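In case you want the letters, here they are:
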Amino acid sequence: MSPVSTASTTPAPPISRRAFLKTSAKGALAAGCVFSLGDAMSLHVTHKTLHLTGLPRSLSGFKVAFASDFHHGPLVDLPTIREAVDRINAQSPDVILLGGDYITLGIEYYEGVFEELSRLAAPRGVYSVPGNHEYGNGIVHYRKYLSATPIADLTNKGFAVDSGLYIAGLDDEWGGSPDAVAAVADAPSGVPRVVFTHNPALADLLPAGFAGLIIAGHTHGWQVYVPGVTRFAMPIDSMRKYRAGYYRTAAGLMYVSRGVGLYHIPLRLWASAEVTMFTLKSA
Ligand SMILES: [Fe+2]
């Protein structure tokens, strides 16, 4: 039986898809395109329920929020970050994991994005790993601004939740030095692991059976996604391999989140902005 039992997505703000679909066939096609474009520019909360082998019943229902790729800057303003924070907090997650790329270019944007992200609240804490843009802008600046927030850096380290779940972060595959051994050095044996990192390509470099759930971002769902076309615009193989959603890898089941912000062009198409809520259940 698949460990992935349910999934749903909550878009905002509401747009009347039904009204569009009542038009003529030609009109419906055009309306559908408009809806998809408008819908893609809205932030969605994607809900996933995952049955995790070895998770004790006492932790069944544990909620993990994941968000990444904020890219605060000229294309992504602070109200967009604020909305993501508000919508994550509204889900009452037990723990919040942030997958990097807080800015695109310009370290002056760190102050605002981290000021907003500092409002994230979860009883088990808020944790971060850097993305390739943190390295591109000088990793020292990410570390400096992050250290002034309540958000803890979890690069190549982890922690146990009630001795029944282990949560670990891994460094960025492009710019950093991911260390899988160090990340789980303190993990109790037999305890299921949730591991998060920026770039999903890292999953291909991890040991078999490394985690019950791997969470990544980086791809933006290809941001402007035209089925059968966008794939060929991806510059490297790993970008073509992983786009969005669940993937079964040798290292474990991986979910690739489409991210919050925008990169390069102010457009998303059939790849809506996303924060992801996982509800973990005992298998
Ligand atoms: Fe990104």
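**Student:** Tell me about the packing of helix H4 (residues 109–117) against helix H6 (residues 139–147), and name the residues and values.
**Tutor:** H6 packs onto H4 with a crossing angle of 40° between their chain directions and a minimal axis gap of 10 Å. As summarised for this structure, H4 and H6 are arranged oblique, according to the angle between their axes. Considering the relative orientation of H4 and H6, their crossing is right-handed. Judged by residue contacts, Tyr110, Glu111 and Phe114 of H4 engage His141, Tyr145 and Leu146 from H6. Grouping the constituent residues of the contact of H4 with H6 by class yields 4 nonpolar, 1 polar and 1 charged.

**Student:** Before we move on, can you summarise the nonpolar core with the specific residues and values?
**Tutor:** Ranked by internal contacts, the top residues of the largest apolar core, which has 71 residues, are Val64, Ala65, Leu97, Val113, Val195 and Leu213. Contacts of Leu97, omitting those with residues within four sequence positions, involve Val64, Ala65, Phe66, Tyr127, Phe196 and Ile215.

**Student:** Account for unusual backbone geometry, naming residues and giving values.
**Tutor:** One non-glycine residue, Asp69, lies in positive phi territory at about 55°. Assignment of secondary structure puts Asp69 in the loop between strand S3 (62–67) and helix H3 (78–90). Assessed through the 29 C-beta atoms surrounding it within 10 Å, Asp69 is described here as buried. With phi around 60°, His220 is a residue other than glycine that occupies positive phi space.

**Student:** So, the packing of H3 against H4: which residues are in play, and what are the values?
**Tutor:** Relative orientation and spacing of two packed helices are given, respectively, by the angle between their axes and the distance between those axes. The interhelical angle for the contact between H3 and H4, taken along N-to-C directions, is 25°, at an axis separation of 9 Å. By the criterion of interaxial angle, the relationship of H3 to H4 is roughly parallel. Crossing angle aside, the handedness with which H3 passes H4 is right-handed. Residues Leu78, Ile81, Arg82 and Val85 of H3 form the contact with H4, whose own contacting residues are Gly112, Val113, Glu116 and Leu117. In the contact of H3 with H4, the residues fall into 5 nonpolar, 1 polar and 2 charged.

**Student:** Can you lay out the confidence of the model for the protein chain for me, pointing to particular residues and giving the numbers?
**Tutor:** In the predicted model, the protein chain carries a mean pLDDT of 88, and 86% of its residues have values of at least 70. Summarising per-element confidence for the protein chain, the mean pLDDT is lowest in helix H1 (residues 17–21) (36) and highest in strand S4 (residues 95–98) (99). Segment residues 1–7 is flagged for pLDDT under 50; beyond a separation of four residues in sequence, or across chains, it makes 13 contacts in the model. Ignoring residues within four places in sequence, the model shows residues 13–36, a span with pLDDT below 50, making 14 contacts including any to other chains.

**Student:** A description of the pairing of strand S8 (residues 165–169) should follow, citing residues and the corresponding values.
**Tutor:** Counting buried residues along S8, 5 of its 5 residues qualify, which places the element largely inside the surrounding structure. Residues of S8 alternate between two faces, with Leu165, Ile167 and Gly169 on one and Tyr166 and Ala168 on the opposite face, all of them buried. When strand S7 (residues 157–161) meets S8, the two strands line up antiparallel, connected through 5 bridges. The residue bridging Gly158 from the neighbouring strand is Ala168, located in S8.

Definitions and cut-offs
Residues numbered from 1 in each chain as written. Predicted model: local features only at pLDDT ≥ 70, side-chain atom pairs only at ≥ 80, totals over all residues. Axes fitted to C-alpha atoms, helices over the stretch in contact; angles between N-to-C directions. Helix = DSSP H or I, 4+ residues; strand = E, 2+ residues; numbered from the N terminus. Parallel < 35°, antiparallel > 145°, perpendicular 65-115°, else oblique. Left-handed = near helix turned anticlockwise from the far one by under 90°. Contact = placed C-beta atoms within 7 Å. Nonpolar A, V, L, I, M, F, W, Y, C, P; charged D, E, K, R; others polar. Core = buried A, V, L, I, M, F, W, Y, C linked by C-beta atoms within 7 Å. Buried ≥ 20, exposed ≤ 12 C-beta atoms within 10 Å, placed from the backbone. pLDDT = per-residue confidence, 0-100. Pairing = 2+ DSSP bridges.

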